[in-house]
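# Residue-level structural notes
Residues per chain are reported as follows:
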Amino acid sequence: MDAAAPILEMLSRPLSLLDSALSKGSDFLAAYRENARLEKENARLLDWQQAALGLASENAQLRELLKLAPEPAGSYVTARVIANSGGTYVRSIVVNAGRENGVKRGQAAITGDGLIGRVTEVGDRAARVLLITDLNSRVPVTVEGSRLRAVLAGDNSEHPSLHYAEEGSALRIGDRIVTLGQGGVFPPGLPVGIVAGFYGELARVEPYAELSRVDYLRLVDYGLSGALPNPPSGAPRNGKRSDQALGQPIHR
Amino acid sequence: MTSLLPVATIIFAMLLSIEPVHIPGYAAVTPAFTLMAAYHWAIYRPALLSPLMLFVIGTLQDLLTGALAGVTALLLLLTYAIVLTHRRRFVNRPFPFIWGGFTLLVCGAMLFLWSLHSLLAAELIDFRSSIFRAVLTISGFPIASFLLGRTQRALMDAG
């Protein structure tokens, strides 16, 4: 994986250049319409910002009253996607950051939109991220604002499904699904997706992040990797991680 | 130098199949480029392919894509073996005949992959993406074969 990383990176550049040139052209045409829409949206967002600021200060005051222990802030590394999984049966991507950048197994991979997967293999300069749509992906999740618990299980389709939801649970289309934070792999409250529909008895979740269009992603270290057993061969090497400075604290 | 061309194109095909292309759902149905190249060269220049190289390239592709290690290597080697044992049926035949052979091969390969993964996952995996992948691979073969043939003529037969 390490040896191929530079080649993959080099090859992915002209393609993404072509990609961006094409999208620039169509973006230009759509710019006028987009502008009108954005102005409207901006006005709406300003309202939301006011509401959020109010809530933030109220939240801070209430936390102060309760003496709530603060959650640990994570540190992150931003990485570029350099290879897709070419297989029909695996949903994973390779990124150009590895042990040298402070990436560890079990770290959460997120974009600005939400969770996309977790780091499963780490090389010195590259790492593999198992996407939440993969057949082998299981993420403990909850519906935002409720105590409902479920496991988000990938099945190689675009929409992973919710398993083991409690009986009689009132899942509705449009419910926001976030990580539960149990198992010590992901922190609680990372946005994952929304319930998009039902397939038999199982609810299907549409991930917030567009998994097939990810260019850059963040690998976040929350200091959790409790539930992941070490790979059977070769314990992780700790000697080379001197550049902790690359990961910067997230300001919330 | 030109004797390295088959191996070089198969390596290129491997890199092509793991490129991140931003088309929704493309990753799941990426055509089996290496299979196309291996089939083409096994018919037209079998002497320049070695089973060892096919094994190495196939294994490398599996490791890079995170697929089941060894599966692609096995498919490439089987392709090589099947074409070589039936070689006299392929030589000097019109292209549609060769394309038909490839179609049979791809259908067999996709069925094999699907049953293997279903067995491992202990459930019947959705086979639609396998079918799409087979269709894309089969319909992509004439283009790949044309390009490979042109490269072959330009570099090997001239030199």
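Residues numbered from 1 in each chain as written. Chains lettered and ligands numbered in written order. Predicted model: local features only at pLDDT ≥ 70, side-chain atom pairs only at ≥ 80, totals over all residues.

To continue, consider the overall build of chain A. A count of helices and strands for chain A gives one helix and 13 strands. Its helices and strands taken in sequence order, chain A reads α-β-β-β-β-β-β-β-β-β-β-β-β-β from the N to the C terminus. Across the 252 residues of chain A, 35% fall into the buried class. Across chain A, every contact between residues at least 6 apart in sequence was considered, and the portion connecting residues at least 24 apart equals 59%. (Helix = DSSP H or I, 4+ residues; strand = E, 2+ residues; numbered from the N terminus. Buried ≥ 20, exposed ≤ 12 C-beta atoms within 10 Å, placed from the backbone. Contact = placed C-beta atoms within 7 Å.)

The next subject is the pairing of strand β11 (residues 202–207) of chain A. All names here are of chain A. Here β11 shows a clear split, with Ala 203, Val 205 and Pro 207 buried on one side and none of Leu 202, Arg 204 and Glu 206 buried on the other. When strand β8 (residues 161–163) meets β11, the two strands line up antiparallel, connected through two bridges. Bridged to Leu 162 within β11 is Ala 203. Bridge count for strand β10 (residues 191–199) against β11 is six bridges, and the pairing is antiparallel. From the neighbouring strand, Ile 194 faces β11, where its bridge partner is Glu 206. Where β10 folds back on β11, the antiparallel hairpin that results is connected by two residues, among which Gly 200 adopts a positive phi of roughly 65°. (Pairing = 2+ DSSP bridges.)

Take the interface of chain A and chain B next. In this assembly, 27 residues from chain A lie in contact with 29 residues from chain B. Of all the elements in the fold, those that place two or more residues in the side of chain A that touches chain B are α1 (5–66), β1 (75–84) and β2 (92–95) of chain A. Among the elements that take part in the side of chain A that touches chain B, α1(A) stands out by supplying six residues, more than any other. When grouped by side-chain class, the residues that make up the side of chain A that touches chain B number 13 nonpolar, ten polar and four charged. (Nonpolar A, V, L, I, M, F, W, Y, C, P; charged D, E, K, R; others polar.)

Once that is clear, we can look at the environment of A:Gly193. Residue and element names in this part refer to chain A. Mapped onto the elements, Gly 193 comes out in strand β10. Of the residues examined, Gly 193 has 23 C-beta atoms within 10 Å and is grouped as buried. Sequence separation of Gly 193 and Glu 206 is 13 residues, and the distance between their C-alpha atoms is 5.3 Å. For Gly 193, the residues in contact, after removing those within four places along its chain, are Gly 114, Ile 177, Val 205, Glu 206, Pro 207 and Tyr 208.

One can read the domain layout of chain A as domain 1 (1–70) and domain 2 (138–207). Computed over C-alpha atoms only, the centres of domain 1 of chain A and domain 2 of chain A are separated by 23 Å. (Domains from an automatic or database assignment.)

Bringing the nonpolar core into the picture now. Judged by nonpolar contacts, the single largest core of 94 residues is most densely connected at A:Val95, A:Ile116, A:Leu152, A:Val192, A:Leu219 and B:Ala38. Residue contributions to this core reach at least three from each of two domains, namely domain 1 (1–70) and domain 2 (138–207) of chain A. Not counting residues within four places of it along the chain, the set of residues in contact with A:Leu219 comprises A:Tyr76, A:Val77, A:Ala79, A:Ala97, A:Val103, A:Gln107, A:Ala109 and A:Val119. (Core = buried A, V, L, I, M, F, W, Y, C linked by C-beta atoms within 7 Å.)

What follows deals with the sheet that holds β8(A). The pairing of strands in a sheet happens through backbone hydrogen bonds and is either parallel or antiparallel. Residue and element names in this part refer to chain A. Taken in spatial order, the six strands close into a barrel running β6-β7-β8-β11-β10-β9, and their pairing is antiparallel. Neighbour-to-neighbour, the strand axes of the sheet open up by a mean angle of 45°, direction not taken into account. Relative to strand β9 (residues 176–179), strand β6 (residues 138–143) is paired through three bridges, and the arrangement is antiparallel. When the bridges of β9 are listed, Val 141 appears paired with Thr 179. (Axes fitted to C-alpha atoms, helices over the stretch in contact; angles between N-to-C directions.)

Now for the packing of helix α3 (residues 33–44) of chain B against helix α5 (residues 71–85) of chain B. When two helices pack together, their arrangement is given by the angle between the helix axes and the distance between those axes. Residues and elements named next belong to chain B. Axis separation between α3 and α5 bottoms out at 9 Å; the angle between their running directions is 25°. Considering the angle they form, α3 stands roughly parallel to α5. Taken as a pair, α3 and α5 cross one another with a handedness that is right-handed. Where α3 abuts α5, its residues Thr 34, Leu 35, Ala 38, Tyr 39, Ala 42 and Ile 43 lie against Thr 72, Leu 75, Leu 76, Thr 79, Tyr 80, Val 83 and Leu 84. Its residues assigned to classes, the contact of α3 with α5 comprises ten nonpolar, three polar and no charged. (Parallel < 35°, antiparallel > 145°, perpendicular 65-115°, else oblique. Left-handed = near helix turned anticlockwise from the far one by under 90°.)

In this section: the environment of A:Tyr216. All names here are of chain A. With respect to the helices and strands, the residue Tyr 216 is situated in strand β12 (residues 216–221). In this structure the C-alpha to C-alpha distance between Tyr 216 and Glu 121, which are 95 residues apart in sequence, comes to 18 Å. Ignoring anything within four residues of it in the chain, the contact list for Tyr 216 reads Thr 78 and Arg 80.

Here we take up α5(B). Residue and element names in this part refer to chain B. Under the 1.5 Å per step criterion, the end-to-end length of α5 is 21 Å for 15 residues, consistent within 8% with the ideal 21 Å. Along α5, the residues classified as buried are Val 71, Thr 72, Ala 73, Leu 75, Leu 76, Thr 79, Tyr 80 and Val 83. Each element contacted by the buried residues of α5 is listed here: α3, α4 (51–65), α6 (87–90) and α7 (95–121). (Expected span 1.5 Å × (residues − 1).)

Bringing α1(A) into the picture now. All names here are of chain A. The end-to-end C-alpha distance of α1 is 49 Å, clearly below the 92 Å that 62 residues give at a rise of 1.5 Å each. At Ala 31, α1 is bent by approximately 55°, the largest bend along its length. Counting buried residues along α1, only three of its 62 residues qualify, which leaves the element largely exposed. Burial in α1 covers these residues: Ala 5, Leu 8 and Ser 12. (Bend = angle between axes of the 7 residues up to and from the residue.)

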